[in-house]
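Chain by chain, the residues run as shown.
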Number of protein chains: 2
Amino acid sequence: MEKTIKIVIDTKGADKGAQMMIKGAAMALSEYPALELCLVGDAELIAAELKAHNADVARVEIIDAPDEITNYDSPAVAVFGKPESSLVRALTALSERDDLAGLINAGSTGALIAGSMRYLSLKDRVRPALAAVLPAESGGFTCLVDTGATIDCPPALLVHFAHLGSAFMKEYYGIESPGVALLSNGAEPTKGNAAVKEAHQLLAADESIRFIGNLEGNSALSGAADVLVADGFAGNQVLKCSEGMARRLITDIVKYAKKTGDENIMKLVGHLMSVYDFNSLGGGIILGISKPVIKAHGAANEKTVVSVIGMMMRMLENKQVYDRDSFAIS
Amino acid sequence: MEKTIKIVIDTKGADKGAQMMIKGAAMALSEYPALELCLVGDAELIAAELKAHNADVARVEIIDAPDEITNYDSPAVAVFGKPESSLVRALTALSERDDLAGLINAGSTGALIAGSMRYLSLKDRVRPALAAVLPAESGGFTCLVDTGATIDCPPALLVHFAHLGSAFMKEYYGIESPGVALLSNGAEPTKGNAAVKEAHQLLAADESIRFIGNLEGNSALSGAADVLVADGFAGNQVLKCSEGMARRLITDIVKYAKKTGDENIMKLVGHLMSVYDFNSLGGGIILGISKPVIKAHGAANEKTVVSVIGMMMRMLENKQVYDRDSFAIS
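Residues numbered from 1 in each chain as written. Chains lettered and ligands numbered in written order. Predicted model: local features only at pLDDT ≥ 70, side-chain atom pairs only at ≥ 80, totals over all residues.

## A closer look at the overall build of chain A
When helices and strands are counted, chain A shows 11 helices and 11 strands. In summary, chain A has a C-alpha radius of gyration of 20 Å against a globular reference of 20 Å for 330 residues, a match within 12%. With respect to the principal axes defined by its C-alpha atoms, chain A has extents near 60 × 60 × 40 Å. Within the span of chain A, comprising 330 residues, buried residues form 54% of the whole. (Helix = DSSP H or I, 4+ residues; strand = E, 2+ residues; numbered from the N terminus. Rg over C-alpha atoms; globule rule 2.2 N^0.38 Å. Buried ≥ 20, exposed ≤ 12 C-beta atoms within 10 Å, placed from the backbone.)

Written as structure tokens, this is what we have:
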């Protein structure tokens, strides 16, 4: 029998609600035979929804959690003050039990980071980062770190992100010596805000990573770098502006396709959606903690949940998180 | 006879060289009958190139400037230390002569800002900003300010940018009460880096502008705001990531069109290029100085020069800088 993988899912906190999360979980059980799940949240609701979707309940464990952490809670306060929340129960189980391999959540990013720091810290208690693995223009992937976990970053933290991203691309994408770039407003070392300029010097002097210099926004995802380092504020702009602009062009193209009735164009739209809808199809990966945790997009739908569970399965099998073949023009 | 408009062009500093700038100037003379030019740079080269392109030299004045400010010069130092540079000669002429209406340059952004501060300061000596007017998804325009002139911005400077952008959209786009948003990593007032969070409070309390709150990267150019305020670092990311991602999709579409041989798709590409190649077709506008100055993209080609001269003509006629009709799907 194939080795099973058991993943914890926090069913609360998503914009579209717990029912959507449970439906996505049920769909993933059908999709991945090696998958087992530990669903955390309203136990009654979970049981009822699983039944409604004819899920294979033999592969599901339920942990009841009456409370919920929302985007209105202060992350650090909530993680300590809401012990009965689904997130705290999920993290507690994940940290204490060897049979649980990883966690997926679609709620408050801040609380997930704070909780990961509390329950899944490595021995040296490094600060975790929220990375996104994005399809690069050259055909590979770029790991953008940070995308919003830490907004104000001193230079040493940017260097730390470089190490986290580099280790991640080595482990999951088999890149022996990942090229690390620093996001800036110009290619020259003198370009950047105060923290970026200082980080540039530190990175250039750091022999344990292969620093390739600054990258500007227009080549952020060119594939020139395997790892792109930014503070959470700027990294968030790269992620969201890129996806926003891609979605906008796709909307324009759909309009044009409807006007012309051209079937080739509708096929093109399908391809573009599969490549460029990366934010809502994927999820953020928390780097620098003891077990894999993926933050699904807050606006996740069932498809996102299935896709993110797939990411997690690949991660746990130590394969690349995304499969590039799925992005090829066909 | 139609009233003429005389614009100063710094022919030096562009990536593609002075010959390209002069060729673009010659093309613009044919395109705009009301245009007169004052070309600053190597006088011999200018005269020779104008002749080579059969330009109407009766409408051109030449100011010789043997020196050049490059991207390797420290902006502030260069503006004081290179009095014979084309930029300093151009700015001196513009500041001293009433017949010269505005300036176009495609060289060092830093030097252009420093020079504008020195020669074109308003009485209250406000800090200028570099804005970009971008086509919004809703059909209007969004004035993004700052796009890279000031990288490290205290909260009060962000508020100042809000005022500059608001005044600009009133004057050139006839928007009575422009909606001003602040770029952040979340919609809530508590989201943002330290400067953004404080600026949010200051903007919310400022009754002289219509503040509509934070906008995230994925809705930065939705049209929800007439003015989008960001520090030069983050604003630069919005501008360059948006254009980079648009260009990348267009490249993908061209590949697909070649594969399918679908003519409708090539037509679509033409439309998308006209809307989304905004950075290289347009130019940055310096706000907060006494006369209009436009910074053309460093990688400008002849078409960019013609397009930017057109922008300047419209500005000087107090019309909107870009004409939305030219962006419509046809």
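## Thoughts on the confidence of the model for chain A
Looking at chain A as a whole, its pLDDT mean stands at 92, while 96% of the residues score no less than 70. In the predicted assembly, ipTM is 0.91 and pTM is 0.92. (pLDDT = per-residue confidence, 0-100.)

## Side note on the sheet that holds strand 4 (residues 102-105) of chain A
Residue and element names in this part refer to chain A. Strand order in this open sheet of 11 strands is 3-2-1-4-11-10-5-6-9-7-8, and the pairing throughout is mixed. Each edge of the open sheet is held by one strand with a lone partner, namely strand 3 (60-64) and strand 8 (210-215). On average, each strand axis in the sheet is tilted by 25 degrees relative to the strand beside it, whichever way the strands run. Where strand 5 (residues 129-135) lies against strand 10 (residues 283-287), 3 bridges are found, and the strand directions are antiparallel. The partner of L130 across the bridge, within strand 10, is I286. Against the sheet, helix 1 (residues 18-31) contacts strand 1 (5-10) and strand 2 (35-41), and its axis sits at roughly 170 degrees relative to strand 2. Taken strand by strand, helix 11 (residues 302-316) contacts strand 1, strand 2, strand 4, strand 10 and strand 11 (293-296), and its axis lies near 160 degrees from that of strand 11. (Pairing = 2+ DSSP bridges. Axes fitted to C-alpha atoms, helices over the stretch in contact; angles between N-to-C directions. Contact = placed C-beta atoms within 7 Å.)

## A few points about the sheet that holds strand 3 (residues 60-64) of chain B
Residue and element names in this part refer to chain B. Pairing is mixed in the open sheet, where 11 strands are placed in the order 3-2-1-4-11-10-5-6-9-7-8. Each edge of the sheet is formed by a strand with only one pairing partner; in this case those strands are strand 3 and strand 8 (210-215). Each strand of the sheet is rotated relative to its neighbour by a mean of 25 degrees, with strand direction disregarded. Bridge count for strand 7 (residues 179-183) against strand 8 is 5 bridges, and the pairing is parallel. Bridging across to strand 8, G179 finds its partner in R210. Packing of helix 5 (residues 109-119) onto the sheet brings it into contact with strand 4 (102-105), strand 5 (129-135), strand 10 (283-287) and strand 11 (293-296), and relative to strand 11 it is tilted by some 170 degrees.

## Re the environment of K267(A)
All names here are of chain A. Within the fold, K267 resides in helix 9 (residues 263-276). Look at K267 and you get partly exposed, because 15 C-beta atoms sit within 10 Å. Considering only alpha carbons, one finds K267 and A18, 249 residues apart in sequence, at a separation of 33 Å.

## Brief notes about the environment of K12(A)
Residue and element names in this part refer to chain A. Within the secondary structure layout, K12 lies in the loop between strand 1 and helix 1. Taking C-alpha positions, K12 is 8.8 Å from S85, a pair spaced 73 residues apart along the chain. If we ignore the near neighbours within four places in the chain, the residues touching K12 are A18, G41, E68, S86 and G107.

## Observations regarding the interface of chain B and chain A
Between chain B and chain A, the residue contacts involve 40 residues of the former and 40 residues of the latter. Listing elements by their share of the side of chain B that touches chain A, those giving two or more residues are helix 8 (232-260) and helix 9 (263-276) of chain B. Across the side of chain B that touches chain A, the residue classes tally to 17 nonpolar, 14 polar and 9 charged. (Nonpolar A, V, L, I, M, F, W, Y, C, P; charged D, E, K, R; others polar.)

## Remarks on the relation of the copies chain B and chain A
Note on the identical chains: chain B maps onto chain A by a rotation of 180 degrees and an axial translation of 0.0 Å, with an RMSD of 0.0 Å. Read as a symmetry element, the transformation amounts to a two-fold axis. When the interface residues of chain B are mapped onto chain A, 100% of them are again interface residues, pointing to one common binding face. (Least-squares fit on C-alpha atoms with pLDDT ≥ 70 in both.)

## Some points on helix 1 (residues 18-31) of chain B
Over its 14 residues, helix 1 of chain B runs 20 Å from end to end, which matches the ideal 20 Å to within 8%, given 1.5 Å per residue. Elements in contact with the buried residues of helix 1 of chain B: strand 1 (5-10), strand 2 (35-41), helix 2 (43-52) and helix 11 (302-316) of chain B. (Expected span 1.5 Å × (residues − 1).)

## A look at the pairing of strand 7 (residues 179-183) of chain A
Residue and element names in this part refer to chain A. The buried fraction of strand 7 is high, at 4 of 5 residues. Each parallel crossover has a hand, and the one from strand 7 via helix 7 (residues 194-205) to strand 8 is right-handed. Bridge analysis of strand 7 against strand 9 (residues 227-229) gives 3 bridges, and the strand direction is parallel. Counterpart to L182 in the pairing with strand 9 is V229. (Right-handed = clockwise from strand over helix to strand, strands pointing away.)

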